[in-house]
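Structure at a glance
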Amino acid sequence: MRNNDSFVSFWSIPPVELLGKLSTSIKGLTNDEALIRQKIYGRNTINTRKKKNTFFLLVSQFKSPIILILIFAAILSIFLRDRNDAIIILIIVIISGILGFWQEKGANNAVAKLLSRVQINAAVIRDGKEIEVSADSIVPGDIIILNAGDIIPGDLILIESKDFYVNEAALTGESFPVNKIPGAVEKDSPISKRTNTLFMGTSVVSGIGKAAAVNTGKNTIFGDISEKLNLKPAENDFERGVRKFGYFLMEITLGLVLFIFTANIFLKKPMVDSFLFSLALAVGLTPQLLPAIISINLSHGAKKMAENKVIIKKLSSIENFGSMNILCSDKTGTLTEGNVKVYGCYSINDNNFDKVNFYSYINSYFETGFASPIDEAIKSFRSFNIENYYKTDEIPYDFIRKRLSILVGEKNTGKNIIISKGALKDILKISRFVEDESGKISEIENIASILEKKFENYSMQGYRVLGVAYKYTDKDVVKIERNFETEMIFLGFILLYDPIKENIVQVIDNLKKIGISLKIITGDNQYVSKYIADKLQLDSKKILTGREINKISDEALIKKVNDINIFAEVEPNQKERIILALKKAGNVVGYIGDGINDATALYNADVGISVDSAVDVAKNASDIVLLEKNLEILEKGVIEGRITFANTLKYVFMATSANFGNMFSMAGVSIFLKFLPLLPKQILFTNLLTDISEMTIATDNVDKDLVAAPRRWNIKFILKYMMTFGLLSSIFDYVTFGVLIFFLHSNEYLFRTGWFIESVLSASMVVLIIRTKNSFYKSKPGKYLIIAISLTVIATLAIPYTRLGALFGFVRLPVNFLFILLIILIAYMVLAEITKKIFYKYVKY
């Protein structure tokens, strides 16, 4: 095989011949051969969003159009006139870029380490043994073992299968699972007719299979589509908010730049200086470190959440996680212990019945298609000597039939028996007869209503009820299909129980206190669901069943969902419908699930939450993975998510209000002064100093009221905040201008120095005010934020007295100005505190 080989029409080649062309066999590849092929074909991934290498990440720090124009203008000015100032501007721009690069690279590395903890694996045969490997290490020629819940890790040819059904909705749009069988099909068969082919990105619904990898990565059909369409993940609420915020800043910046440049030209100021000044203003208004700050905040939040056993797969989902107000969950393992146990095996007369226990044990012992905790519970409840039995065939469990059938032979009698175990209603559907503990067999229809009543009674006591049935078959029957599941003899009931978690009621109450309502979506019957809901102290007066959901329209469901806490007897496709209805009803919906039937609900939820032990298809569809299936962990994760979002918003508030105020002041005063109020290099230096102090905001403490309820992006609020505190800042800027011009009679050098110090100190110190809604002395800032602000203040006061200050055109200030500046700053802080209280009284987030 050669690099970039891609087998065309491989579905038309007989499997044995195709294995030869792939230079492999049913025994699989050796590890050495797999490594060689991986070097040839690369990693098995179709990720179109390539990971940024170090150089690209560095260059991307300078991709802003404003930054690029500023660099161009600075280089141009080198050749026209002021070489030293232009070089300083370039150095500041480069330092800002390197600062952003350093932080973002650290954030990316941290996230990559976290994601490696929740990778998708695949079972392959290497060196003749079945082993687990990362799915992205699959190569053409690998022999792959597939079970229910597995994601297909490439374009594969099926070699062996048993009742093998695959969900191809992601590729074909077909909602019903497709039965896959080995063999060859016509060369010109459409995708939907290639019944011997498994496609990357689809998933196994039921059954067991063995397949050979033919094409991987971008050579797959899904990879080809992704390349052509350059597919990207859908934009979520956080990303949409950042984008809108960017457009909002762009509009303000563009208007301001055009106005200032035109005004300065009209006043006959030098064109190059005016152009550089206008661009520097634009840079000053733009929070140029916003991408880096967002990355720092989100990665810091992701690391903190990982400490609480919550792994974030997509950083931008943290905001949705924090703003979630509805959490939908199944009960097993999340609300209950997840340790299913058998309470007992009973006959139709409510007596202990060993034959029910024995036949269910045989069924569970020989099951291979779908690993289930129920089978483990049955095997551990009581063990039997089954040396006299051997397995002949199996019809694996699936979510349509909801039962598992095993064909076994009895050595001493030579008889073959089909034993079926599954959901009671689905076992009763295939049963014509019933057997009691005395061995008497009669028609089941005579006691159908009695069995239904027993089912209700057991369920109302909180038990999950399974049924067991059997029948003898001819000796020559060695294979069974679904049509064999008929005319069976019903034996009795298996009662299962799974106690609720010890502290779950308190956890649910805690979630309610932070604005998250719990809704149970379960396949269990309404009686068990009501029992569990009552134990959890949830309102169970209204229960909506799957049967009822089928009878109402989407519009009616949207009106109902907010008032219902329990959805019972729900089919997998109905979960998606419930999630979408909740979203359309105005909620931010989280869904926690770990099974095959949870995948579509996870995908459609605002926040898809899975667990590390989940099947691949569920883990892959989720945004967040819990290392333990525990709502207490989820609660801590939500709080960390809200802290992360709160600190991101703090930076936005700080940067936009301070920058807008400074730039508004500068724009206004530049019209009346005969000189530029600040040189371009001084504007950029001012912006750099304020950004450095604000980069520690990710470690800041967050007030309890900011995490007490869900929050989302609110551009209108940000605009009001920016205008209010920006204009307040500008008022004190103009006070400073007045002192410098009318009291100190400053020349241009003293004016620039005085305003530089006032601008940086006010922007840095007011952070302590606007970082909290409460009184600043009641909210303790983070240690690193205090250190950063202190160092910025000290450096700003010292710079005019150093050679660096002279390089930037700053001069020593008279002592009396420093006293006046102190009074201005104190007045600004006091008025900012008063303004904040008034603002939050009348403006709600």
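As the structure is a prediction and not an experimental result, all values here were calculated from the model.

**Some thoughts on the overall build of the protein**
On a plain count of helices and strands, the protein comes out with 31 helices and 23 strands. The burial tally for the protein puts 56% of its 845 residues in the buried class. In the protein, the proportion of contacts linking residues at least 24 apart, taken out of those at least 6 apart, comes to 74%. Surface summary for the protein: the accessible area is close to 37,100 Å², and the carbon and sulfur share equals 58%.

**Looking at the packing of helix α12 (residues 354–366) against helix α13 (residues 373–381)**
Two numbers describe how α12 lies on α13: the axes approach to 9 Å, and their chain directions differ by 130 degrees. Taken together, the axes of α12 and α13 lie oblique to each other. Crossing of α12 against α13: the hand is left-handed. Across the interface between the two elements, Asn357, Ser360, Tyr361, Asn363, Ser364 and Tyr365 from α12 touch Asp375, Ile378, Lys379 and Phe381 from α13. Counted by class, the contact of α12 with α13 contains four nonpolar, four polar and two charged residues.

**What about the sheet that holds strand β23 (residues 624–626)?**
Strand order in the open sheet formed by eight strands is β8-β23-β22-β21-β9-β18-β20-β19, and the pairing between neighbours is mixed. Whereas interior strands pair on both sides, the edge strands pair on one side only; in this sheet they are β8 (310–312) and β19 (543–545). With strand direction ignored, the average angle separating the axes of adjacent strands in the sheet is 20 degrees. Where strand β18 (residues 517–521) and strand β20 (residues 566–568) come together, two bridges link them in parallel fashion. Within β20, the residue paired with isoleucine 520 across the bridge is isoleucine 566.

**Focus: the side chain of serine 329**
Along the chain, the position of serine 329 falls in strand β9 (residues 326–329). Relative accessible area serves as the criterion here: at 0%, serine 329 is assigned to the buried category. Setting aside residues up to four positions removed in sequence, serine 329 forms contacts with Thr334, Leu518, Lys519, Ile520, Ile521 and Ile592.

**Points about a nonpolar patch on the surface**
A surface patch of nonpolar side chains, amounting to about 680 Å² of accessible area, comprises Leu822, Ile826, Val830, Leu831, Ile834, Ile838 and Tyr842. Relative to the assigned elements, isoleucine 838 resides in helix α31 (residues 815–842).

**Thoughts on unusual backbone geometry**
One can expect most non-glycine residues to show negative phi and most peptide bonds to be in trans. Not every positive phi belongs to a glycine, and lysine 402 is a case in point at roughly 55 degrees. You can see lysine 402 is positioned in the loop between β11 (389–395) and β12 (403–410). Non-glycine residue glutamate 569 carries a positive phi angle of around 55 degrees. Within the element layout of this structure, glutamate 569 appears in the loop between β20 and α20 (572–584).

**Notes on the pattern of salt bridges**
One pass over the structure, following the stated rule, counts 27 salt bridges. Notably, a salt bridge pairs aspartate 136 with arginine 43, separated by 2.7 Å at the nearest N-O pair. With aspartate 136 in the loop between β2 (129–134) and β3 (143–147) and arginine 43 in the loop between α2 (31–41) and α3 (54–60), this pair connects stretches of sequence that are 93 residues apart. Residue aspartate 136 is classed as partly exposed on the basis of its relative accessible area, which comes to 27%. Residue arginine 43 is classed as partly exposed on the basis of its relative accessible area of 43%. Notably, a salt bridge pairs lysine 162 with aspartate 393, separated by 2.7 Å at the nearest N-O pair. Taken together, the positions of lysine 162 in strand β4 (residues 155–167) and aspartate 393 in strand β11 put the pair 231 residues apart, joining distant regions of the chain. For aspartate 393, a relative accessible area of 6% puts it in the buried group. The structure contains a network of salt bridges with shared partners spanning Arg401, Arg403 and Glu485.

**Some thoughts on the packing of aromatic side chains**
Across all of its chains, the model carries 34 aromatic pairs by this definition. Pairing phenylalanine 10 with tryptophan 11 gives two aromatic rings, centres 5.4 Å apart and planes at 65 degrees, and the pair type is edge-to-face. You can call tryptophan 11 buried: its relative accessible area is 9%. Seen in terms of ring centroids, phenylalanine 717 and phenylalanine 839 are 5.5 Å apart; in terms of plane orientation they differ by 65 degrees. Their pairing is edge-to-face.

**A closer look at the nonpolar core**
Ranked by size, the top nonpolar core spans 66 residues in total, and within it Tyr721 and Phe756 carry the most contacts. Those elements that provide at least two residues to this core are α8 (237–266), α23 (631–672), α24 (680–694), α26 (715–743), α27 (748–765), α28 (767–770), α29 (783–798) and α31. The biggest single contributor to this core is α23, with 12 residues. Tyrosine 721 has contacts with Phe653, Ser657, Gly726, Ile770, Phe839 and Tyr840, leaving out every residue within four places of it along the chain.

**Quick notes on empty space enclosed by the protein**
Enumeration according to the criterion identifies six cavities of 30 Å³ or more in this entry. Computed from the structure, the largest cavity encloses a volume of approximately 120 Å³. Around the largest cavity sit 13 residues that line it, and Lys331, Arg464, Tyr497, Asp498 and Asp524 are the ones nearest its centre. For the lining of the largest cavity, the elements supplying multiple residues, two or more each, are β17 (488–497) and α17 (526–535). Residue composition of the lining of the largest cavity, by class: six nonpolar, three polar and four charged.

**A closer look at the environment of lysine 636**
Mapped onto the elements, lysine 636 comes out in helix α23. Looking at lysine 636, the relative accessible area reads 44%, which means it is partly exposed. Separated by 327 residues in the primary sequence, lysine 636 and lysine 309 place their C-alpha atoms 9.3 Å from one another.

**Observations regarding the confidence of the model for the protein**
Averaged over every residue, the pLDDT of the protein is 83; residues scoring 70 or more account for 86%. Note on residues 1–5: pLDDT is under 50 here. Beyond four places in sequence and across chains, it has 15 contacts.

**Considering α26**
Along its 29 residues, α26 runs 40 Å from first to last C-alpha, staying within 8% of the 42 Å computed at 1.5 Å per residue. With a side-chain oxygen positioned 3.3 Å from the backbone nitrogen of lysine 716, the residue opening α26 is asparagine 714. Backbone geometry just after α26 places histidine 745 at a positive phi near 50 degrees.

**What to know about the environment of lysine 303**
Take lysine 303: it is sitting in helix α10 (residues 290–307). Residue classification places lysine 303 among the partly exposed residues on the basis of a relative accessible area of 39%. In this structure the C-alpha to C-alpha distance between lysine 303 and glutamate 640, which are 337 residues apart in sequence, comes to 9.7 Å.

**Focus: the environment of tyrosine 346**
Tracing the sequence through the fold places tyrosine 346 in strand β10 (residues 341–346). Residue class for tyrosine 346 comes out buried when judged on its relative accessible area of 15%. Each C-alpha atom, one on tyrosine 346 and one on asparagine 357, is 8.3 Å from the other, the two residues being 11 residues apart in sequence. In contact with tyrosine 346, other than residues within four places in its own chain, are Asn351, Asn352, Phe353, Val356, Tyr458, Leu491, Gly492, Phe493 and Leu495.

**A few points about the side chain of aspartate 150**
Counting through the fold element by element, aspartate 150 comes out in the loop between β3 and β4. Here the side chain of aspartate 150 touches asparagine 147 through a polar contact of 2.8 Å, landing on its backbone nitrogen. Those residues in contact with aspartate 150 that lie beyond four places of it in its chain are Ile145, Thr202, Ser203, Val204 and Asp616.

Reading guide: rules and limits
Residues numbered from 1 in each chain as written. Predicted model: local features only at pLDDT ≥ 70, side-chain atom pairs only at ≥ 80, totals over all residues. Heavy atoms only, no water. Helix = DSSP H or I, 4+ residues; strand = E, 2+ residues; numbered from the N terminus. Buried < 20%, exposed > 50% of the residue type's maximum accessible area, 1.4 Å probe, protein only. Contact = heavy atoms within 4.5 Å. Areas by Shrake-Rupley, 256 points an atom, 1.4 Å probe, with all protein chains shown as cover. Axes fitted to C-alpha atoms, helices over the stretch in contact; angles between N-to-C directions. Parallel < 35°, antiparallel > 145°, perpendicular 65-115°, else oblique. Left-handed = near helix turned anticlockwise from the far one by under 90°. Nonpolar A, V, L, I, M, F, W, Y, C, P; charged D, E, K, R; others polar. Pairing = 2+ DSSP bridges. Patch = residues over 30% accessible without salt bridge, like charges linked within 9 Å, V, L, I, M, F, W, Y side chains within 5 Å. Salt bridge = Lys/Arg side-chain N within 4 Å of Asp/Glu carboxyl O. Phe/Tyr/Trp six-rings, centres within 6.5 Å; stacked < 30°, edge-to-face > 60°. Core = buried A, V, L, I, M, F, W, Y, C linked by side-chain atoms within 4.5 Å. 1 Å grid on protein atoms, 1.4 Å probe; cavity = no way out; pocket = protein on both sides within 12 Å on 5 of 7 lines; lining within 4 Å. Points joined across faces, edges and corners; volume = space filled by probe spheres on them. pLDDT = per-residue confidence, 0-100. Expected span 1.5 Å × (residues − 1). Polar contact = N/O pair within 3.5 Å; in protein donor to acceptor, adjacent residues only side chain to side chain.

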